[in-house]
Amino acid sequence: MNDRTTPTPDLPEPPLKVAVTEDDALLRDRVLLPGLRDHGFNVQGYGDATELYRGLLAEAFDVVILDIALPGEDGLSIASHLRRIQPGLGIVMLTGTGNRENHLRALRDGADIYLAKPVDVEIIAVTLHSLSRRLPRTATGTVPTEPPGTWRLLSDGWCLETPTGRIIALTTPERSLLALLARHRGQTVERERLIDALTDDASDFDPHRLEALVHRVRRKAAAAAPDAPPLPLLSVRGKGYVLAS
């Protein structure tokens, strides 16, 4: 095993900074914030418009996620205000109702995307990655070894693109695994080296977790692209895994 001390690959961190404005503290602090952090986003949480505006004065964000039904100033009013003062800001609206008028107003007043609750964190992550490619200041990179039409990593390794162009948002362990395999595409990467990429303490890491992670990545890829060739993540008996070309 090598002497690496960090569990993430040596790729640049994604630049996307996200402000999540949601007054349901349980949803915000237990679901949205940790879930989006696990998908690689730099996120801060706020409970209402006043907190959000203070946060925006203290630091710059790339995207704001707004619940519509906020106390005080609602999400629709905030979106309209932010669009006027920050035209390049990404705005994602969340709502717990299917109100058509709210949907239309949100898009008219500046929201880029409108999502109905309950919404899976992975769907939000894919939405943010997709939106980031359209933002004026976006500097998302590509880990880039394969041309379009193949399985490849995008957005500093936080997204897996299918051969048909669909985007799969990756968690931190999934990114660590695939980024290392992508850097050595076509070559077998030993299990020990992969485990080193996933943990700070390899001696306390159950090897079955690596197998479970590989299984999860394969299953996620198959579900996202049922009509595409399978993700070429192959096992090499007694050695490790290879991401085939």
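Because the structure is predicted, anything quoted here is derived from the model rather than measured. (Residues numbered from 1 in each chain as written. Predicted model: local features only at pLDDT ≥ 70, side-chain atom pairs only at ≥ 80, totals over all residues. Heavy atoms only, no water.)

This brings us to helix α7 (residues 191-198). Here α7 has its buried residues at Leu194, Ile195, Asp196, Ala197 and Leu198. Summarising the contacts, the buried residues of α7 are in contact with α6 (172-183), β10 (189-190), α8 (207-224) and β12 (240-243). (Buried < 20%, exposed > 50% of the residue type's maximum accessible area, 1.4 Å probe, protein only. Helix = DSSP H or I, 4+ residues; strand = E, 2+ residues; numbered from the N terminus. Contact = heavy atoms within 4.5 Å.)

To continue, consider the nonpolar core. Formed by 30 residues in total, the largest nonpolar core has its most connected members in Leu160, Leu177, Leu181, Leu194, Leu210, Leu231 and Leu233. Of all the elements in the fold, those that place two or more residues in this core are α6, α7, α8 and β12. Contact partners of Leu210, with chain neighbours within four places excluded, come to Leu177, Arg191, Leu194, Ile195, Leu198, Phe205 and Tyr241. (Core = buried A, V, L, I, M, F, W, Y, C linked by side-chain atoms within 4.5 Å.)

This part takes up the sheet that holds strand β2 (residues 42-46). Strand order in the open sheet formed by five strands is β2-β1-β3-β4-β5, and the pairing between neighbours is parallel. Looking along the sheet, the strands with just one partner apiece sit at the ends: β2 and β5 (113-116). Across this sheet, the average inter-strand angle for adjacent strands is 20°, counted without regard to direction. Note: strand β4 (residues 90-95) against β5, four bridges, orientation parallel. Across the sheet, Leu94 pairs through a bridge with Leu115, a residue of β5. Its contacts with the sheet put helix α1 (residues 25-38) on β1 (17-21), β2, β3 (63-67) and β4, and the angle it makes with β2 is roughly 165°. Running over the sheet, helix α3 (residues 75-85) touches β3 and β4 and is turned about 175° from β4. (Pairing = 2+ DSSP bridges. Axes fitted to C-alpha atoms, helices over the stretch in contact; angles between N-to-C directions.)

So, on to the packing of aromatic side chains. Overall, the coordinates contain one aromatic pair when judged by the stated rule. Between Tyr46 and Phe61, the ring centres sit 6.2 Å apart and the planes meet at 90°, which makes this aromatic pair edge-to-face. In this pair, Tyr46 sits in strand β2 while Phe61 sits in the loop between α2 (49-58) and β3, placing the two residues 15 residues apart along the sequence. Phe61 matches Tyr46 in its accessibility class, with the two residues each being buried. (Phe/Tyr/Trp six-rings, centres within 6.5 Å; stacked < 30°, edge-to-face > 60°.)

Bringing the pairing of β3 into the picture now. When you tally the buried positions in β3, you get five out of five residues, the bulk of the element. Across the two faces of β3 the burial is the same, with Val63, Ile65 and Asp67 and Val64 and Leu66 all buried. Examined bridge by bridge, β1 and β3 share four bridges and lie parallel to one another. Each residue of the ladder has a partner; that of Thr21, found in β3, is Leu66.

Attention shifts here to unusual backbone geometry. Omega for the peptide link from Lys117 to Pro118 comes to -10°, which places this bond in the cis form. Looking at the element boundaries, Pro118 is found in the loop between β5 and α5 (121-132).

The subject of this paragraph is the packing of α6 against α8. Two numbers describe how α6 lies on α8: the axes approach to 10 Å, and their chain directions differ by 90°. On the basis of the axis angle, α6 is roughly perpendicular to α8. Residues Pro173, Glu174, Leu177 and Leu178 of α6 pack against Leu210, Leu213, Val214, Arg216, Val217 and Lys220 of α8. For the contact of α6 with α8, a count of residues per class yields seven nonpolar, no polar and three charged. (Parallel < 35°, antiparallel > 145°, perpendicular 65-115°, else oblique. Nonpolar A, V, L, I, M, F, W, Y, C, P; charged D, E, K, R; others polar.)

Take the side chain of Arg28 next. Residue placement: Arg28 occurs in helix α1. Looking at Arg28, the relative accessible area reads 13%, which means it is buried.

All right, on to the confidence of the model for the protein chain then. Per-residue confidence for the protein chain averages 87 on the pLDDT scale, and 89% of its residues sit at or above 70. Every residue in residues 1-14 is under pLDDT 50, and counting partners more than four places away or in other chains gives 40 contacts. Counting contacts from residues 137-145, a segment whose pLDDT is below 50, to residues more than four positions away or on other chains yields 21 contacts. (pLDDT = per-residue confidence, 0-100.)

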